[in-house]
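Geometric and topological summary
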Amino acid sequence: MGLNFLYCIIWDKHPLQIVSTYKYRFAQVLKQKSESPKVVKPRKIVIKTEKKVFKKQPVKQLKNVAKPVEKEDIQADLKEIQKEPEVQGHIDLTLIGRYLSNRDFYKHSPYYFALAESNYQGDDFSIYGGIGFQSKEENEVLLINHLYGEYFGDDYTFKMGKMVQKIGVMDYFSVLDTLNPSREEFFYDSQLEIKKIPLWMSSLDYFVNDSLKLTAFIQPYDAKHQNYTGPYIDYLLNQFIPEYYKEYFAQEPLGEELFYPLYQDAFVPYVKSEIQDKGALEQIYWDKLSYGFVSEYSDDNKKVGLLYFNRYSEIPMIKIDQNLLDAALAYENEENPSVALADYIASGDYDLIKSVEAFRYQQFGLYGETTLKSFGLRAELGYRDKVPLFNAYSGLATVGGAVDYLFSSVYNVLEMQYIYLEKYQKNAYIAMWRSRFSKQMLWRFSWYFENSFIATQADRFDEYSMAPSLTMSYKQTDLSLQGIVSKNNTKTNTVSILLRGRF
């Protein structure tokens, strides 16, 4: 049962990266077939002579790359990478609007987001900034989306501010990439500063040589964006537990007439109130710093990295009444828990939430990617020494892998994440097969179709869903008709319209 709770959080909050690294994976194959010049690595390059050191400014990495492309598109991108920095003072504006038909489940529909970005390039430093406007659930907010600076030394780069830092190599499901939470509304967006929530942090990159880079991170704890207690509890109480005990909720008379009404009307509000009263406030805590180190080796054919993070947990340890826990876990032993649970809730004499305790955990990871002929191969290994279960901690081991392949006119990505919970000796997995067809021209518009097939399994649960999308593009404006179709969790099914423009 604890595995299911953990699995819900991993699925809801950390699936999370979609910034495709196809340029790295397929550029080597294409370079053998063309005369495109060598790709410059997106970092400071130090050219040493006998007496002088000359510094080249790092070229800004392309952000809008989460898409399959044909050979001509990649060659154009390779040339774009080597261009001089953009004219200072230039402003990029991104506008997004989305409407979802199932407003009972997607209560934030419709939502709108606008981002105006600019940058300044100095001799040995750069400044990047973005002002965002968000309208969601009739709440309108103007915010500093990101604001950070970079300083380039002889053999190091220092960054500080409100920014996004990607860790690892997985595009969709990464347990290692925990520095920035995701905006759920923008799961498939290609811009990191839109898909992810920029947070305050600093990083120092030290270049040992042209292949080896050492990075150190420091990040204060942002309780507003890094505290997942609210969404976690809401998911458990309103989706996971009703689904987990659905056989007993439907039984007569204890389930449908007594147990479920008591659960919804008394139990759920009480639990939410108790946890909120004992939880953290929405502010930034400098005394709860997270820190980490990454060592990364890269050359023309591969990239390998090692990481260590010491972090303040995004989910607290919630200790509950042991009597309630014993009754609830009777289901694990194929016993009927509804009688004991109904009596417990009906009595009204209980102290359900004993405490909500914060803690720190250590994260270890290994990641790498390479190419094999026309295939891109990626992998991540991770171990976390503490994850919160019911009144206990457990270690968590994860193995992620991915294969990328451009077959004819279809770009395919297959990713899987395997999760093992030590305390209960149980496992779970989530996998996605994503396909995108090449663009086809019709009049002045280009069209393309893509689809994601997702499969999940954990303990007593299995789920299968599809997310097809048909997009029409004109210059920098996209209009998409999208859908979500789930086999078991049908209340999430919806049709949506997405309008996205970049100017």
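Small disclaimer: the values here were computed from a predicted structure and weren't measured.

Rules behind the numbers
- Residues numbered from 1 in each chain as written.
- Predicted model: local features only at pLDDT ≥ 70, side-chain atom pairs only at ≥ 80, totals over all residues.
- Heavy atoms only, no water.
- Helix = DSSP H or I, 4+ residues; strand = E, 2+ residues; numbered from the N terminus.
- Buried < 20%, exposed > 50% of the residue type's maximum accessible area, 1.4 Å probe, protein only.
- Contact = heavy atoms within 4.5 Å.
- Phe/Tyr/Trp six-rings, centres within 6.5 Å; stacked < 30°, edge-to-face > 60°.
- Lys NZ or Arg CZ within 6 Å of the ring centre and 35° of its normal.
- Salt bridge = Lys/Arg side-chain N within 4 Å of Asp/Glu carboxyl O.
- pLDDT = per-residue confidence, 0-100.
- Core = buried A, V, L, I, M, F, W, Y, C linked by side-chain atoms within 4.5 Å.

Across its full length, the protein holds 10 helices and 23 strands. Per-residue burial for the protein yields a buried fraction of 50% across its 503 residues. Partitioning the contacts of the protein with sequence separation of at least 6, the portion at a separation of at least 24 is 61%.

This brings us to the packing of aromatic side chains. Scanning the model with the defined rule gives 15 aromatic pairs in all. Between the aromatic rings of Phe105 and Tyr106, the centroid separation amounts to 4.9 Å while the plane-to-plane angle is 80°, which identifies the pairing as edge-to-face. The lysine or arginine in question, Lys386, covers the ring of Tyr393, its NZ or CZ lying 5.0 Å from the ring centre. Above the ring of Tyr448, the side-chain terminus of Arg436 is found at 3.7 Å from the ring centroid.

In this section: the environment of Gly483. Within the secondary structure layout, Gly483 lies in strand β22 (residues 477-486). On a C-alpha basis, the gap between Gly483 and Met466 in space is 7.9 Å, while along the polypeptide they are 17 residues apart. Once you skip the residues sitting within four places of it in the chain, Gly483 turns out to touch Met466, Ala467, Pro468, Thr494 and Val495.

Tallied over the entire structure, the rule returns 10 salt bridges. With a shortest N-O distance of 2.9 Å, Arg378 and Glu415 are connected by a salt bridge. With Arg378 in strand β15 (residues 375-388) and Glu415 in strand β17 (residues 410-421), this residue pair connects regions lying 37 residues apart in the sequence. Across this residue pair, the class does not change: Arg378 and Glu415 are buried. Taking the shortest distance from any N to any O, the salt bridge between Glu450 and Arg434 comes out at 2.7 Å. Of this pair, Glu450 sits in strand β20 (residues 445-458) while Arg434 sits in strand β18 (residues 426-437); the two residues are 16 residues apart in sequence, bridging distant segments of the chain. For Glu450, a relative accessible area of 11% corresponds to the buried category. The class for Arg434 is buried, based on a relative accessible area of 11%. Bridged by salt links that share partners, the residues Asp171, Arg378, Asp404 and Glu415 form one connected network.

Turning our attention to the confidence of the model for the protein. Keep in mind that low pLDDT regions are not for reading the predicted coordinates in detail. Here the protein averages 76 in pLDDT, while 65% of its residues score no lower than 70. Here residues 1-87 is modelled with pLDDT under 50, and outside its nearest four sequence neighbours on either side it reaches 214 contacts, counting other chains as well.

Assignment of secondary structure puts Thr492 in the loop between β22 and β23 (494-502). Discounting chain neighbours no more than four positions away, the residues touching Thr492 are Asn102, Phe105, Tyr106, Ile484 and Ser486.

The next point concerns the nonpolar core. By size, the foremost hydrophobic cluster in this structure holds 15 residues, and its most contacted members are Ile167, Leu179, Phe217, Val294, Leu307, Phe309 and Tyr367. Going through the elements one at a time, β8 (199-207) and β11 (302-312) are the ones with two or more residues in this core. Other than its neighbours up to four places away in sequence, Val294 contacts Ile167, Lys213, Leu214, Thr215, Phe217, Leu306, Leu307 and Tyr367. Counting residues in hydrophobic clusters, the runner-up holds 9 residues, among them Leu100, Phe113, Phe186 and Ile194.

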